[in-house]
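# Residue-level structure breakdown
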Amino acid sequence: MATSTPVRHAWRALIGLLAVTAVLFGVNALGVYVFKTSAGAPASSWSPELALDLQGGTQIILAAQTADGAAPSGEQMTQAVTIIRQRVDASGVGEADVTTEGGRNVVVQIPGEADEETRQRIQDSAQLQLRPVLVESGEVSGSFIGQDGTATPYPTPDPSLAATPTASPTNGSDVSWITPKLQAEFQAYDCANPTNDPANAPDADPLITCSTDGTAKYILGPVEIKGDDVADASSGVVQTNGQWAVNLVFNAEGTEKFTEISQRLYPLQRPLNQFAFVLDGTVLSAPSMNGIITDGKPQITGSFTQESAKTLADQLKYGALPLSFTVQSSDTISATLGSQQLMIGLIAGLIGLALVAVYSLTVYRALGTVIMASLVVMGVLTYITLCILAWRMGYRLSLAGVAGVIVSIGFTADSFIIYFERIRDELRDGKSITAAVEDGWSRAKRTIYISKSINVLAAVVLYILADATVKGFAFTLGLTTVIDVLIFILFTHPVMQLLARTRFFGSGHPLSGLDPTALGAVYRGRAQFRAPVAPTGRVARSRGEAERRQTIAERKRAAQQGDAGSTPADDTVSPSKGGRN
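Residues numbered from 1 in each chain as written. Predicted model: local features only at pLDDT ≥ 70, side-chain atom pairs only at ≥ 80, totals over all residues. Heavy atoms only, no water.

### A few points about the overall build of the chain
Heads up, the rule is: Secondary structure elements are taken from DSSP: a helix is a run of H or I of four residues or more, a strand is a run of E of two residues or more, and numbering for both begins at the N terminus. Buried means the residue's accessible area, taken with a 1.4 Å probe over protein chains only, is under 20% of the maximum for its type, while exposed means over 50%, and partly exposed covers the values in between. Contacts between residues were defined by any pair of non-hydrogen atoms, one from each residue, lying within 4.5 Å. Method for areas: the Shrake-Rupley scheme with a 1.4 Å probe, in which residue coverage is limited to the protein chains shown.
The helix and strand inventory of the chain stands at 16 helices and 15 strands. Burial statistics for the chain: of 581 residues in total, 42% are counted as buried. At a minimum sequence separation of 6, the contacts of the chain that also span at least 24 residues come to 72%. Accessible surface, the chain as shown: approximately 29800 Å² in total, 56% of it carbon and sulfur.

Here's what the structure looks like:
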């Protein structure tokens, strides 16, 4: 005999669930055994990453500094916190906490140990400037004797050298900016000297600076475009040479300025046809102008790696900080709640799971095992999903997230209870167990879909509007709700379809939870009813519910059958004997 369609659908759903589970474990296995971080460690793990409140981490305190030494305004501090938080999130670190302290400090708390790139990303002010190149290393030849009477490499320039251009410069690329004093300072400039800080040089004056790796030295013209004119930035691979690059998009004003610059630089010879992207006074790249760019979308190329290109793009994309910051302290902090609170949360979850198990087995008998199996499958999928999200999105499980998982146990049990009660209602109407499973599914799924949609919507709104400490709860609640619906479709209903065709469940065994007699079934089919009995206890309550569900026509029919089944008196008519005429 060919397998029935519901059975085939059930096996297909279970195989699909098994395939989804295998794919999730396979993806995480790639992160554990194949992909590596920049430090050489596995990119993923077989355990979810923990947030700051459970794991501890790194605390960096940044002290704000203003040009005139005055206290920063509240607006400046708020903007700085927003930008720093965006930078931390872009680095892939989840559940970080960025707050102000004392009106002048910004406290950044990062789960785990912060690497050097993350620290640099946080404290860099990302003051982007676009300056034309006047002189590149080696263009000014020869040596000079400085005030101290020594020759190159680093003598002290003679202060009597002329510092004013002999002719007034006409644009940023005019070599008239190079005065004898500036030329001497350039030759004496030591890129490795930490006292040389070009970050605060005036915008309207030329700048002597070096490349980020210290291998090139430049004289740059005045600032012609600032970072405020950058609308967007992204990193990517140049298809022609496979090198990493940073792609910029200027706003309307920046596009107009850059068009004029490209028109001026394109006809010139090296190094005057170069322009330098300067970040905090250091040259990131000084490419030559190979054409006139009018769309405002230049590309920065250089010695970028994937990490450095992404870091720069994030800094430029999220804008320059309104203040400059110095690192006041950087310490490793212990977990604020730690393993003890995590253990308490896990115990609470186990207690909730045990209570659900006791209730399910008491009320639904053997059907309770289906609820427990569904919860186990949901737990496995939730666990591996959190591991993958920690790798791909930097998500970290906080105590609020643990609470969301615990709450989801009750929500998940609700779905199964709705489904099982629908099946029981169909059994009370006299349907077979296989028919009750299918009809109960048709009725229950609409209710469950609506309720789960509301749960997901509430989680999304809470995640968007709530404080960072509550986002973990909203995220895990929404995630487990989606997984709950998946389990309901691919596991619970298919398992019920298969169990309904077994001897134990299909015959309505008293311990199966699907016993029509225990449920008080009355209606046996079209115009067929059970003979009235005198029920007691729980059966009486169940039968009373079934009778209330009968239509008026069904009740009349039941009454008629009851009358027909009674034994009437033997009344006869016979002629009288000896009667009078």
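### Some thoughts on the pairing of strand 5 (residues 207-210)
The cut-off we apply is this: Each pair of strands is called paired provided DSSP finds at least two bridges between the two strands.
Every second residue of strand 5 is oriented toward a common face, with Leu207 and Thr209 on one face and Ile208 and Cys210 on the other, all of them buried. Pairing of strand 5 with strand 6 (residues 217-220), which is carried by four bridges, proceeds in the antiparallel orientation. Note on strand 6: the bridge partner recorded for cysteine 210 is lysine 217. The antiparallel hairpin formed by strand 5 and strand 6 contains six residues in its connecting segment, where glycine 214 sits at a positive phi of about 75°.

### Topic: a negative patch on the surface
Rules: Nonpolar side chains (Val, Leu, Ile, Met, Phe, Trp, Tyr) are joined into patches within 5 Å and like charges within 9 Å, using only residues with over 30% relative accessible area and no salt bridge. What makes a salt bridge here is a side-chain nitrogen of Lys or Arg within 4 Å of a carboxyl oxygen of Asp or Glu, nothing more. Within this scheme the basic residues Lys and Arg register as positive and the acidic residues Asp and Glu register as negative, but His and the chain ends are omitted. Think of each charge as sitting on NZ of Lys, CZ of Arg, CG of Asp or CD of Glu.
Together, Glu113, Asp115, Glu116, Glu117 and Glu307 give the surface a local cluster of negative charge. Note that glutamate 117 resides in helix 4 (residues 116-123). Judged by relative accessible area, glutamate 117 falls into the partly exposed class, the value being 37%.

### Some remarks on the state of the cysteines
The line we're drawing: Here, the term disulfide refers to a pair of cysteine sulfur atoms separated by no more than 2.5 Å.
Counting across every chain of the model gives one disulfide. Covalent S-S linkage joins cysteine 191 and cysteine 210, the inter-sulfur distance amounting to 1.8 Å. Taking the sign of the torsion about the S-S bond as the criterion, the disulfide between cysteine 191 and cysteine 210, at about -80°, is left-handed. Of this pair, cysteine 191 sits in the loop between helix 5 (180-188) and strand 5 while cysteine 210 sits in strand 5, and the two are 19 residues apart along the sequence. Using a relative accessible area of 31% as the deciding quantity, one classes cysteine 191 as partly exposed.

### Notes on unusual backbone geometry
Omega for the peptide link from arginine 270 to proline 271 comes to 10°, which places this bond in the cis form. Position of proline 271 among the secondary structure elements: in the loop between helix 6 (252-265) and strand 10 (275-279). Positive phi outside glycine occurs at arginine 365, with the angle close to 55°. Residue position: arginine 365 is located in the loop between helix 8 (338-364) and helix 9 (367-392).

### Re the nonpolar core
Using the following cut-off: To define a nonpolar core, start from buried Ala, Val, Leu, Ile, Met, Phe, Trp, Tyr and Cys residues and group those joined through side-chain atoms within 4.5 Å.
The biggest cluster of nonpolar side chains holds 51 residues, and the ones touching the most others in it are Tyr419, Phe420, Ile423, Ile487, Met496 and Leu514. Of all the secondary structure elements, the ones that give two or more residues to this core are helix 1 (5-33), helix 8, helix 9, helix 10 (399-428), helix 11 (433-465) and helix 12 (468-499). Residue contacts for isoleucine 487: discarding those within four places in its chain leaves Leu17, Ser374, Val377, Met378, Leu381 and Thr492. Counting 20 residues, the second largest nonpolar core, distinct from the first, contains Phe258, Leu265, Phe275 and Ile300.

### Describing the sheet that holds strand 9 (residues 244-250)
The test is simple: Axis definition: a line fitted to C-alpha atoms, limited for helices to the stretch in contact. Angles are taken between N-to-C directions and run from 0 to 180 degrees.
Strand order in this open sheet of three strands is 8-9-12, and the pairing throughout is antiparallel. Here the strands that pair on one side only, and so sit at the sheet edges, are strand 8 (230-237) and strand 12 (299-301). Between one strand axis and the next, the sheet turns through 25° on average, direction left out of account. Of the pairings in the sheet, the one linking strand 9 to strand 12 comprises three bridges and is antiparallel in character. Considered in strand 12, the bridge of asparagine 247 is made with glutamine 299.

### With respect to helix 6
Basically, it comes down to this: For a helix, the expected span equals 1.5 Å multiplied by the residue count minus one. Counting of polar contacts relies on pairs of N or O atoms within 3.5 Å, with two restrictions inside protein: one atom must be capable of donating a hydrogen and the other of accepting it, and residues adjacent in sequence are counted only when both atoms are side-chain atoms.
Between the first and last C-alpha of helix 6 there are 20 Å, a value that for 14 residues agrees with the 20 Å anticipated at 1.5 Å per step. Buried within helix 6 are the following residues: Gly254, Thr255, Phe258, Thr259, Ile261, Ser262 and Leu265. The residue sitting at the N-terminus of helix 6 and contributing the capping side-chain oxygen is asparagine 251; that oxygen lies 3.3 Å from the backbone nitrogen of glutamate 253.

### Topic: the packing of aromatic side chains
Rule in force here: Note on ring pairs: Phe, Tyr and Trp rings are taken, using the six-membered ring of Trp, and paired if centres are within 6.5 Å. Classes follow the plane angle, with under 30 degrees stacked, over 60 edge-to-face and the rest tilted.
Evaluated as defined, the whole model comprises 14 aromatic pairs. When the ring of phenylalanine 275 is compared with that of phenylalanine 277, the centres are 5.3 Å apart and the planes differ by 75°; the resulting orientation is edge-to-face. As far as burial versus exposure is concerned, phenylalanine 275 and phenylalanine 277 are alike and both buried. Judged by centre distance (5.0 Å) and plane angle (85°), the ring pair of phenylalanine 504 and phenylalanine 505 falls under edge-to-face.

### As for helix 9
A rise of 1.5 Å per residue sets the reference length of helix 9, with its 26 residues, at 38 Å; its end C-alpha atoms lie 38 Å apart and thus fit the reference within 8%. With 19 of 26 residues buried, helix 9 lies mostly within the body of the structure.

### Quick notes on the pattern of salt bridges
Considering all chains together, one arrives at 11 salt bridges under this definition. A salt bridge links arginine 396 to glutamate 49; the nearest nitrogen and oxygen atoms lie 3.5 Å apart. Of this pair, arginine 396 sits in the loop between helix 9 and helix 10 while glutamate 49 is found in the loop between helix 1 and helix 2 (52-55), placing the two residues 347 residues apart along the sequence. With a relative accessible area of 29%, glutamate 49 lands in the partly exposed category. Lysine 226 is paired through a salt bridge with aspartate 203; the nearest N and O atoms lie 3.0 Å apart. Note that lysine 226 is positioned in strand 7 (residues 225-226) and aspartate 203 in the loop between helix 5 and strand 5, a separation of 23 residues in sequence. Residue classification places lysine 226 among the partly exposed positions, given a relative accessible area of 42%. Here the salt bridges do not stand alone but share partners, grouping Glu426, Lys431, Asp439 and Arg443 into one network.

### So, the UniProt feature "transmembrane region" (unreviewed entry) in the chain
For clarity, the cut-off: UniProt positions are given in the numbering used here, feature names are shortened, and annotations may be inferred rather than shown by experiment.
Residues given the UniProt feature "transmembrane region" (unreviewed entry) here are residues 342-363, 370-391, 397-420, 449-466 and 472-491. Strand forms 0% of residues 370-391 and helix 100%; the C-alpha atoms that close the span are 32 Å apart. Overall, residues 397-420 shows 92% helix and 0% strand. The separation of its end C-alpha atoms is 33 Å.

### Some points on the environment of serine 47
By secondary structure assignment, the location of serine 47 is in the loop between helix 1 and helix 2. Considering only alpha carbons, one finds serine 47 and isoleucine 384, 337 residues apart in sequence, at a separation of 8.1 Å. Those residues in contact with serine 47 that lie beyond four places of it in its chain are Tyr383 and Cys387.

### Examining a nonpolar patch on the surface
Where nonpolar side chains cluster on the molecular surface, the patch consists of Phe25, Leu30, Tyr33, Val34, Phe35, Trp46, Val376 and Val380 and spans about 760 Å² of accessible area. Elements with a contribution of two residues or more to the nonpolar patch: helix 1 and helix 9. Along the polypeptide, phenylalanine 25 turns up in helix 1.

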